[in-house]
Amino acid sequence: EYAEGRFPGMPAIIAGGIMTAFLRGLGMTRLPMLAAVVANLVNVGLDYGLIFGRLGLPEWGVYGAGAATSAAQWTYVALMLVATLRPAMAQRFGTWAWRPHARDLRRYFRTSVPIGGQWLLDMASFAIFSTIIARMGDISMAANQAMMQLLSLSFMQAYG
């Protein structure tokens, strides 16, 4: 039920991530932080209302928790849009230029397809391996998870 409530917010995760990366790349970390604080406050308020049927909202339980998180994610996107599309930002960085250019798209895909393909193969390999291990039982899966946590210590610092 929670996943069903979260589903409408999935595009907001991508859109918010793009705008956050853009602003952080410019060294503007305060705006994403403030937007995240506001979105979290919206999430808390909507959680209370939608889980328990308070504040004039329907009582949706676990589904309500997911729906509240989706609404908070869209709130974050709206705040980030306001930040990235304001006139000073649009003039300085061209954030109003919506029409893609073929040359830019080719350059983007030439760079991103190999990177994305590598990530897809990595994640698919881990998922398949974990599925095989999970079929071996709880002890095997627990050992696999412990090993994955240790493994992540080796590459997370570099990734960060």
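Everything numeric here is computed off the predicted structure, so don't read it as measured data. By convention here, each chain's residues receive numbers from 1 onward along its written sequence. Predicted model: local features are reported for residues with pLDDT of at least 70 only, side-chain atom pairs are reported and counted for 80 or more only, and whole-chain, interface and lining totals are derived from all residues. Excluded from the side-chain calculations are hydrogens and water; all other atoms, namely the structure's heavy atoms, are used.

1. Side note on the packing of aromatic side chains
Phase 1 of the analysis: Aromatic rings from Phe, Tyr and Trp, taking only the six-membered ring of Trp, are treated as a pair when their centres fall within 6.5 Å; an angle between ring planes under 30 degrees marks them as stacked, one over 60 as edge-to-face, and anything in between as tilted. The final tally for this structure, using the stated rule, is four aromatic pairs.
Phase 2 of the analysis: Measuring from ring centre to ring centre gives 6.0 Å for Phe-22 and Phe-93, while their planes differ by 90°; the resulting arrangement is edge-to-face. One end of the pair, Phe-22, is in helix H2 (residues 10-25); the other, Phe-93, is in helix H5 (residues 87-93), and 71 residues separate them in sequence.
Phase 3 of the analysis: Think of it in three bands: with a 1.4 Å probe and only protein chains considered, a residue is buried below 20% of the maximum accessible area for its type, exposed above 50%, and partly exposed in between. Under the relative-accessibility criterion, Phe-22 is labelled partly exposed at 30%.
Phase 4 of the analysis: Judged by relative accessible area, which is 30%, Phe-93 ranks as partly exposed.
Phase 5 of the analysis: Arranged with centres 5.3 Å apart and planes meeting at 70°, the rings of Tyr-108 and Phe-109 form a pair that is edge-to-face.
Phase 6 of the analysis: Judged by its relative accessible area of 51%, Tyr-108 is exposed. Helix and strand assignments come from DSSP, with helices taken as H or I runs of at least 4 residues and strands as E runs of at least 2, each series counted from the N terminus.

2. A few points about unusual backbone geometry
Phase 1 of the analysis: Its identity is not glycine, yet Leu-55 carries a phi of approximately 60°, on the positive side.
Phase 2 of the analysis: Along the chain, Leu-55 falls in the loop between helix H3 (30-52) and helix H4 (62-85).
Phase 3 of the analysis: Overall, the relative accessible area of 62% leaves Leu-55 in the exposed class.

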